[in-house]
Amino acid sequence: MAALTIAIASCDKIDNPHKPYTPTGGNKTVLIKDFTGARCVNCPEAAEYAHDLQHQLGEDRIFILSVHAGFLAQPMGQFPDFLTEEGTAWYNDNSSNPLFSVDHVALTDGNTLYVEQIDTPVADALAEPQTFDITISSSYDEATRQLMVGSVVIATSDYEGELSLTVCLVEDSIVGWQTVPGGVDREYVFRNVFRGTLNGADGEAFGFSHYDESDMVNFSYSTYLDEAYNTDECYLYVYVYDKSQNGKILQTAVKKIR
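Okay, so let's go over this structure. Just so it is clear, the model here is predicted, and its values are computed rather than measured.

### Here we look at the environment of Tyr239
In step 1: Of note, Tyr239 is situated in strand E16 (residues 234–242).
In step 2: Each C-alpha atom of the pair Tyr239 and Gln251 lies 5.6 Å from the other, and the pair is 12 residues apart in sequence.
In step 3: Excluding anything up to four places from it in sequence, Tyr239 contacts Leu31, Lys33, Trp90, His104, Ile134, Ser164, Leu165, Thr166, Cys168, Ile249, Gln251 and Thr252.
In step 4: There is a polar contact of 3.0 Å between the side chain of Tyr239 and the side chain of Lys33.

And the structure:
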């Protein structure tokens, strides 16, 4: 199990000389965390359902993070090891482990959870006002495999809350063994695999509680990527969440690392 190593981290609140700020995206985005496992027989169907919903409602506004955690994600034989410390912490943080969470709101109903239960929470989240905008910059050195990441979070309205930023590394299109109904698919394509964070499971706190419209907060990080990762398929998922709202995610942005 590979781990990301943080070399640099900083957080600063800076003045925006271009007030009032017009958000680059202009829409609330939604993050679906799909808790999954390579030995979970029903997980491929759930992942397909989530991606179909993404296609229907907007690929530029809905992002899916496949978090491999729990018993059925434990590596065995030829099954891949996608476990991460952060993913396990997220998985264990729920009283009953969710099939999905939508903007950190866990969808749980014991053992009777159906994938269709994701529809309404996703639609409701898309209809929420956008309170923050996120921009991401990155620089990758192929020789050293060093990744430099910068992110600016900009308030699009006045806001009060206990905000944190989480920066995730995600690798797409990994081929490996996956349990499916009737057996094992040895060439299954794993999508949006969570590889770890650059700033811990809880992310990094902003350190401020009040935000005026157009206030900006700047973050920067540096890490070295595992040589097993295909950097042509690696992405940064950056989201802002509010601890005072039970960790609800307010906005997510995604960028390919190069």
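### Points about the packing of aromatic side chains
In step 1: The tally for this structure, following the rule as stated, stands at 11 aromatic pairs.
In step 2: Measuring from ring centre to ring centre gives 5.7 Å for Phe79 and Trp177, while their planes differ by 90°; the resulting arrangement is edge-to-face. Taken together, the residues span a long stretch of sequence, with Phe79 in the loop between strand E3 (62–68) and helix H2 (85–92) and Trp177 in strand E10 (residues 174–180) at a distance of 98 residues.
In step 3: Residue class for Phe79 comes out buried when judged on its relative accessible area of 14%.
In step 4: Between Tyr239 and Tyr241, the ring centres sit 6.3 Å apart and the planes meet at 50°, which makes this aromatic pair tilted. Here the two residues Tyr239 and Tyr241 agree in accessibility, since each one is buried.
In step 5: Here the aromatic residues Phe132, Tyr159, Phe206, Tyr211 and Phe219 are joined through ring pairs into a cluster of three or more.
In step 6: Above the face of the Trp90 ring, Lys33 is positioned so that its terminal group lies 3.2 Å from the ring centre.
In step 7: The ring of Trp177 carries Arg186 above its face, with NZ or CZ at 4.5 Å from the centroid.

### Quick look at the state of the cysteines
In step 1: One pass over the full model with this rule turns up 1 disulfide.
In step 2: Bridging Cys40 to Cys43, the disulfide has an S-S length of 2.2 Å. One quick way to see it: the torsion about the S-S bond of Cys40 and Cys43 is about 85°, and its sign makes the bridge right-handed. For the pair Cys40 and Cys43, a shared accessibility class is recorded, and that class is buried.

### What about the environment of Pro80?
In step 1: Within the element layout of this structure, Pro80 appears in the loop between E3 and H2.
In step 2: On the basis of relative accessible area, Pro80 is assigned to the buried category, the value being 16%.
In step 3: Put simply, Pro80 and Val175 are 95 residues apart on the chain and 9.3 Å apart in space, counted from C-alpha to C-alpha.
In step 4: Apart from residues lying up to four places away in sequence, Pro80 is in contact with Ala38, Ala73, Pro75, Trp177 and Phe190.

### Describing the nonpolar core
In step 1: Within the largest apolar cluster, 28 residues are counted, with the highest numbers of intra-cluster contacts made by Leu165 and Phe206.
In step 2: Sorting the residues of this core by element identifies strand E6 (132–141), strand E7 (146–155), strand E9 (163–171), strand E15 (216–224), E16 and strand E17 (248–256) as the ones contributing at least two each.
In step 3: Listed in part, the 16 residues of the second largest apolar core include Ile32, Ala46, Ile64 and Ile118.

### So, the packing of helix H1 (residues 43–57) against helix H3 (residues 119–126)
In step 1: At their nearest, the axes of H1 and H3 sit 12 Å apart, and the two run at 35° to each other. In this structure, the crossing between H1 and H3 has a hand that is right-handed. Residues Tyr49, Leu53 and Leu57 of H1 lie in contact with H3, whose contacting residues are Asp119, Val122 and Leu126.
In step 2: The residue makeup of the contact of H1 with H3, split by class, is 5 nonpolar, no polar and 1 charged.

What counts and how
- Residues numbered from 1 in each chain as written.
- Predicted model: local features only at pLDDT ≥ 70, side-chain atom pairs only at ≥ 80, totals over all residues.
- Heavy atoms only, no water.
- Helix = DSSP H or I, 4+ residues; strand = E, 2+ residues; numbered from the N terminus.
- Contact = heavy atoms within 4.5 Å.
- Polar contact = N/O pair within 3.5 Å; in protein donor to acceptor, adjacent residues only side chain to side chain.
- Phe/Tyr/Trp six-rings, centres within 6.5 Å; stacked < 30°, edge-to-face > 60°.
- Buried < 20%, exposed > 50% of the residue type's maximum accessible area, 1.4 Å probe, protein only.
- Lys NZ or Arg CZ within 6 Å of the ring centre and 35° of its normal.
- Disulfide = S-S within 2.5 Å.
- Core = buried A, V, L, I, M, F, W, Y, C linked by side-chain atoms within 4.5 Å.
- Axes fitted to C-alpha atoms, helices over the stretch in contact; angles between N-to-C directions.
- Left-handed = near helix turned anticlockwise from the far one by under 90°.
- Nonpolar A, V, L, I, M, F, W, Y, C, P; charged D, E, K, R; others polar.

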